[in-house]
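Residue strings, one per chain:
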Amino acid sequence: MRSAVGDLRGSPGLRFWWRTFEGVRDLFAEGHGEEGGPDDPLPVKTYRGSPRYVLPVPARRIGDARWSFGSFRAAHPSAVPRRDALDGRSLSTLLYWTYGLGRIELGPHAVWPYHRMVASARCFHPVELYLWLARPVDGLPAGCYHYDPAHHALTLLRPGGVPPQVRTATGAGAGTGLLVASAWFRKSAFRYRDYAYRLCAQEAGMVVGNALLAAGALGLPGRVHHRFDDATVNRALGLDGVEETAFALVDLGAADPWAGPPEGAAGPPGTDGVPEPGDRVPEPAGDTGTGGLPEPGDGVVPRIRPVHLAPNSADAGAWAGLTALDLAARMPGPGAPIDPADFLLPPPGPAGTLTAKSSTTGAGAEPGQLELAAALRVRDSGGRMFLPAGPPPAGADLVAALRYVLEPVPGDHTGAACPPLVDAHVLVVDTAGIAPGWYRLAGPPGAASLVRAMDSDRDGDGDGDGREVVAMLCDRTPAVNSAKAAAVVFLTADRLAGERWFGARGYRVLHQEAGIVAQRIAVFAAAAGLSARITNGCDDAVVRGALGMDAARVPVFTVVLGRRRPTAQYEPPLTW
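Predicted, not measured: the structure shown is a model, and the values here were computed from it.

Peer 1: So what's going on with the environment of valine 543? Residues and values would help.
Peer 2: For valine 543, the location among the structural elements is in helix α15 (residues 540-547). According to the relative accessible area criterion, valine 543 is buried, its value standing at 0%. Between the C-alpha atoms of valine 543 and valine 469, which are 74 residues apart in sequence, the distance is 6.5 Å. Setting aside anything within four residues of it in sequence, one finds valine 543 in contact with Val469, Met472, Phe490, Cys538 and Pro555.

Written out as structure tokens, the structure is:
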């Protein structure tokens, strides 16, 4: 559906969209923090005085990367892995391949040495991962844990299974348990200030997207929840709700991953007495769990006060804008069903030319031929200076890398298979067998193809190859030579639809939805021998002009694909 463009700054959420897109240069001109000093964050969150459990060695192989996709399971019903419960080894494997440390950089130029299974701006990794086990697992008592990727260990924060208050607050059945991705703003905001909210939402989406891939490979159903009672979840995890707050969660072992929101679910935030940006932001305190919201009454989860080290001592007032937006986005419970068509562009018309359709047979088509662990082990962002090199990839390889990325996401938006709430536009730069220019990724689940844009010469230069966008990317992000890329993928979202359905929460929901897709791109690109560099150095107006989109739509992710050039940097994988 095409949104009617009106006032793009008429609400707290839309004003933040504007500030971090159209007004991003003014935002950066306000200043930023410096790396290499006392404000550098700790690479991992470290608790003190709480029981710790070192996890067993994770499996080096996990399963096919495509088992979380309904179309792939439907094509191979007899081979679908199924797991009714976790044991210690499978739990260790799930956590490690979701958000563990994958490799380390060594040498004099290793400025950001610790790399996890998902990309992160400057490797700050502001997302923290929590696990709530519904029942004991091989000596691990049921309870709420924090995952420490540096030591591959769990810290017990609260004993006991998932409380009914948390199940009600999230709409999750939690048959096996819950994975919760939080945003610890300080770890990124010390440098990026208010812009860190965008980075946190992007990374949270990639983490839950990777969790779905890993859980699916293990045979464990997973379901993403973007909308829930923030106050209850934060209180249950011992989070203050201001410095750190829950962003998204995955229901592990969901009986029906496609179940709709519960009856009586809440509408968009904004009518529940939640502060709006501009209101006084409460100071964080060690014993708060509601993020400035009213203290809950009887029947709530008891408060916990786990002690952890502070990542740095930067003044949180420097990023008061993102804190205010996050408070405005709070919800009292799960959200009402949405209409996915309200977010997406119409399918490409018949004038589009179908090209480079990937084969449904041949190498890599059968289960087991695309090992998730192998792809995650080689996934990278192309190095600090990404200068793609080598022969261009074959067109079939590019399409194979993109074939599944728009598969439906099991989540809390609807009661049926729901596509990601973003569109994918592909600018082919140098790929063998595919003419340069603009394409849409479109088609039925499991059979997506590149469809040539009907009007791919909007710049009027007669070639339609998108070179004005490539020039913009090279200018805005000199550390990435997009002119040498195989292709650039733009994931666009309708921010006005996000505002209609989610209110101020739409900003983070749409970035998280795009993050799920971006992680799929990174994983399948790695399997095809390509690096995937996520960059936000993009002039959204130039992209909209090239694609003929109105101001409602913004490119929330830009992913540059290409073969990595060998360098002198030594990056050994971390293996057992």
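Peer 1: Go over α15, please, and point to the residues and values.
Peer 2: Within the span of α15, buried status applies to Asp540, Val543, Arg544, Ala546 and Leu547. Looking straight down α15, one finds that the buried residues subtend no more than 165° of arc, so they occupy a single side. Against the buried residues of α15 lie β13 (423-428), β14 (437-442), α12 (467-476), β16 (487-494), α13 (495-502) and β18 (553-562). Its side-chain oxygen placed 3.0 Å from the backbone nitrogen of alanine 541, aspartate 539 serves as the N-cap of α15. Taken from the residues just after α15, glycine 548 is the one with a positive phi, measuring 70°.

Peer 1: Tell me about the side chain of glutamate 371, and name the residues and values.
Peer 2: Structurally, the position occupied by glutamate 371 is in the loop between β12 (354-355) and α10 (372-378). Here glutamate 371 falls in the buried class, since its relative accessible area comes to 10%. At 3.2 Å, the side chain of glutamate 371 and the backbone nitrogen of glycine 63 are in polar contact. With residues up to four places along the chain from it excluded, the contact list for glutamate 371 reads Arg61, Ile62 and Gly63.

Peer 1: How would you summarise the packing of helix α7 (residues 196-218) against helix α14 (residues 506-527) if you had to cite specific residues and measurements?
Peer 2: Between α7 and α14, the least distance of the axes is 6 Å, while the angle of their chain directions is 50°. When the axis of α7 is compared with that of α14, the two are oblique. Seen from above, α7 lies across α14 with right-handed handedness. Counted together, Tyr197, Arg198, Ala201, Gln202, Ala204, Gly205, Met206, Val208, Gly209, Asn210 and Leu213 of α7 and Tyr507, Arg508, His511, Gln512, Gly515, Ile516, Gln519 and Val523 of α14 form the full contact between these two elements. When the residues that make up the contact of α7 with α14 are grouped by side-chain class, the tally is nine nonpolar, eight polar and two charged.

Peer 1: Tell me what's going on with the pairing of strand β7 (residues 153-159), and back it up with residues and numbers.
Peer 2: Counting buried residues along β7, six of its seven residues qualify, which places the element largely inside the surrounding structure. Where strand β2 (residues 52-54) and β7 come together, three bridges link them in antiparallel fashion. Within β7, the position partnered with valine 54 by the bridge is alanine 153. Pairing of strand β6 (residues 143-148) with β7 involves six bridges; the strand directions are antiparallel. Its bridge partner being in β7, histidine 146 is matched across the sheet by threonine 155.

Rules used throughout
Residues numbered from 1 in each chain as written. Predicted model: local features only at pLDDT ≥ 70, side-chain atom pairs only at ≥ 80, totals over all residues. Heavy atoms only, no water. Helix = DSSP H or I, 4+ residues; strand = E, 2+ residues; numbered from the N terminus. Buried < 20%, exposed > 50% of the residue type's maximum accessible area, 1.4 Å probe, protein only. Contact = heavy atoms within 4.5 Å. Arc of directions from axis to C-beta. Polar contact = N/O pair within 3.5 Å; in protein donor to acceptor, adjacent residues only side chain to side chain. Axes fitted to C-alpha atoms, helices over the stretch in contact; angles between N-to-C directions. Parallel < 35°, antiparallel > 145°, perpendicular 65-115°, else oblique. Left-handed = near helix turned anticlockwise from the far one by under 90°. Nonpolar A, V, L, I, M, F, W, Y, C, P; charged D, E, K, R; others polar. Pairing = 2+ DSSP bridges.

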